[in-house]
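Structure at a glance
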Amino acid sequence: MSDSLEKLYKYVEDNKQYMIDQLREVVAIPSVSAESGKRSEVIRMGHWLRDRLEKLGAKTKLAELGNQEVDGKTIPLPPIVLGQYGSDPNKKTITIYGHYDVQPAYKSDGWDTEPFTLVQAEDGRLIGRGATDDKGPVLGWLLCLEAHQKLGLDVPVNLKFCFEGMEESGSDGLDDLIVREADGWLKGTDFTCISDDNWLGTERPCLTYGLRGNNYYHIEVSGPSADLHSGVFGGVVHEPMTALISVMSKLVDTNGKILIPGVYDQVAKFTQEESKHYEGLSFKNQDLIDDMKFDCLIYENETDTLKSCWRYPSLSLHGIEGAFYSPGCKTVIPSKVIGKFSIRTVPDMDIDTLNKLVTGYVEDEFKKVGSKCSVTVSCIHSGRWWYSSPNHPNFVAGANAMTRVFGIAPEYKREGGSIPITLTFEEALKANVLILPMGAANDSPHSTNEKIDQFNFLNGIKLFGAYWDEISKL
Ligand SMILES: C[C@H](N)C(=O)N[C@@H](Cc1c[nH]cn1)C(=O)O
Ligand SMILES: [Zn+2]
Ligand SMILES: [Zn+2]
């Protein structure tokens, strides 16, 4: 192992409590992009990162994106935090992307502890919203840079940072900014790296070479001008929610098959070559069952579960705005309801084609219901799928770095989730993107009791240093 990396590894071990306390500080900022009332916290988090980058001697810029209309209110979009450290023409340049917003979290959702107070559990879990998605990884890059500085080590690459605050809510404004900055702030990027992802299991590190996209839809069904008394109007009127539920029940069957005609026609055929990618993986169905503490898996064998998650589309129903969901027994007929669902997309699905299929189908199914209420279908946001080759030198550098830190070569996976901006980076910067996951499979991102293991967090920081070193040797 090189002398510099040995020093870095020792520094991380010697300073682990400091690094965990830094994670505590960022988890404590409830930067939830989906809740308009928390927008100032998202912005505070963006400023925290900008200040931190400046303290590390990076050049920074806050790219302001204007405003957003939410529930009739105009609120500012959080800025994209751009940073640049080093501009040595003899060094390779890596653009690092991450997001500083998080999913909503309330103790009442079922968390065992306060979601925005980091808990350092005896078993090594660091529990808190954003610990793994994506504050741990974002902070990890900065702590790696700081470690180099404290140790007086040369940073062997030039670094550019691009941190957004709207990833969990559609990445508003980011596509345009990357295209705009491709010849500006992000110019000269040789490689891009994203760590906003998790391993396939809990023991073996992995690299990710594919992501699903996501199209998010609303079906709005409107009826009378105000909610109605079900004793007076029940059986007398066409109810908006009855029509909506009828249509929503026709989108997907209970085994996950999408019922919208034409959707599967766009999906790339499964090849013999591809089948090799499913061999020898550490994944077990039982891991998911243990994670969920419940067995509701559709498929009996591992390959079918992974294929369904990685290379086929899925449609999930998320909720109904305007529906009564509190405890107790309110007897109202809601006057307007909005059904929410999303479709995870895969190669070779096309967003516009999918939107046409969805809209046409929902409108046809609504007609069949024969309701006098009205319906509007809209695609609220869409993010593209991404599929790459794990043989690119950027991936080889990532694999070598993982082998150096963990003593075992990584496995290769695709991801059922989405990082909508990945393909834009690849296209606009004309540079390969590596997804270098930090957290373990059972971290519960987006769920209750989200955590990152101390092992993954600290070794992730070492991994970032080893990756810079590997890139510098290309
Ligand atoms: C994989 C990544 N950590 C993630 O959780 N991405 C989100 C992004 C998203 C997509 N649509 C809305 N948000 C996800 O996959 O849900
Ligand atoms: Zn994320
Ligand atoms: Zn997320």
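Residues numbered from 1 in each chain as written. Chains lettered and ligands numbered in written order. Predicted model: local features only at pLDDT ≥ 70, side-chain atom pairs only at ≥ 80, totals over all residues.

- In the annotation of an unreviewed UniProt entry, the entry for the protein reads Peptidase M20 dimerisation domain-containing protein, and the organism field reads Smittium megazygosporum.

1. Side note on the sheet that holds strand β6 (residues 119-120)
- The strand order across the open sheet formed by three strands is β6-β7-β20, and the pairing between neighbours is antiparallel. Looking along the sheet, the strands with just one partner apiece sit at the ends: β6 and β20 (451-453).
- Note: strand β7 (residues 125-127) against β20, three bridges, orientation antiparallel. Bridging across to β20, Arg125 finds its partner in Asp453. (Pairing = 2+ DSSP bridges. Helix = DSSP H or I, 4+ residues; strand = E, 2+ residues; numbered from the N terminus.)

2. Concerning the UniProt feature "site: Important for catalytic activity" (unreviewed entry) in the protein
- The positions that UniProt labels "site: Important for catalytic activity" (unreviewed entry) are, in the present scheme, His229.
- Structurally, the position occupied by His229 is in strand β12 (residues 228-229). (UniProt positions renumbered as here; feature names shortened; annotations may be inferred.)

3. Topic: the domain arrangement of the protein
- Parsing the protein into structural domains produces domain 1 (3-211 + 385-472) and domain 2 (214-268 + 311-383).
- Placing the centre of domain 1 and that of domain 2 at their C-alpha centroids yields a distance of 34 Å.
- Between domain 1 and domain 2, the contact holds eight residues from the first and nine residues from the second.
- Tallied by class, the residues present in the side of domain 1 that touches domain 2 amount to three nonpolar, four polar and one charged. (Domains from an automatic or database assignment. Contact = placed C-beta atoms within 7 Å. Nonpolar A, V, L, I, M, F, W, Y, C, P; charged D, E, K, R; others polar.)

4. Focus: the nonpolar core
- In this structure, Leu23 and Tyr467 are the most contacted members of the largest nonpolar core, which totals 108 residues.
- The element that contributes the greatest number of residues to this core is helix α14 (residues 454-472), accounting for nine residues.
- When we break this core down by domain, the ones giving at least three residues each are domain 1 (3-211 + 385-472) and domain 2 (214-268 + 311-383).
- Residues contacting Leu23, with those up to four places away along its chain left out, are Leu118, Leu126, Ala131, Lys135, Gly136, Leu139 and Phe457. (Core = buried A, V, L, I, M, F, W, Y, C linked by C-beta atoms within 7 Å. Buried ≥ 20, exposed ≤ 12 C-beta atoms within 10 Å, placed from the backbone.)

5. Quick notes on the site of ligand 1
- In the vicinity of ligand 1, 13 residues are found, and the nearest of them are Asp133, Asp196, Asn214, Gly417 and Ser418.
- The residue inventory of the shell around ligand 1, partitioned by class, reads three nonpolar, four polar and six charged. (Near = placed C-beta within 6 Å.)

6. Brief notes about the packing of helix α1 (residues 3-14) against helix α4 (residues 135-151)
- Packing of α1 against α4 brings their axes to within 10 Å, and their N-to-C directions diverge by 110°. Between α1 and α4, the angle falls in the class roughly perpendicular. For the pair α1 and α4, the contacting residues are Lys7, Leu8, Tyr11 and Val12 in the first and Ala147, Lys150 and Leu151 in the second. (Axes fitted to C-alpha atoms, helices over the stretch in contact; angles between N-to-C directions. Parallel < 35°, antiparallel > 145°, perpendicular 65-115°, else oblique.)

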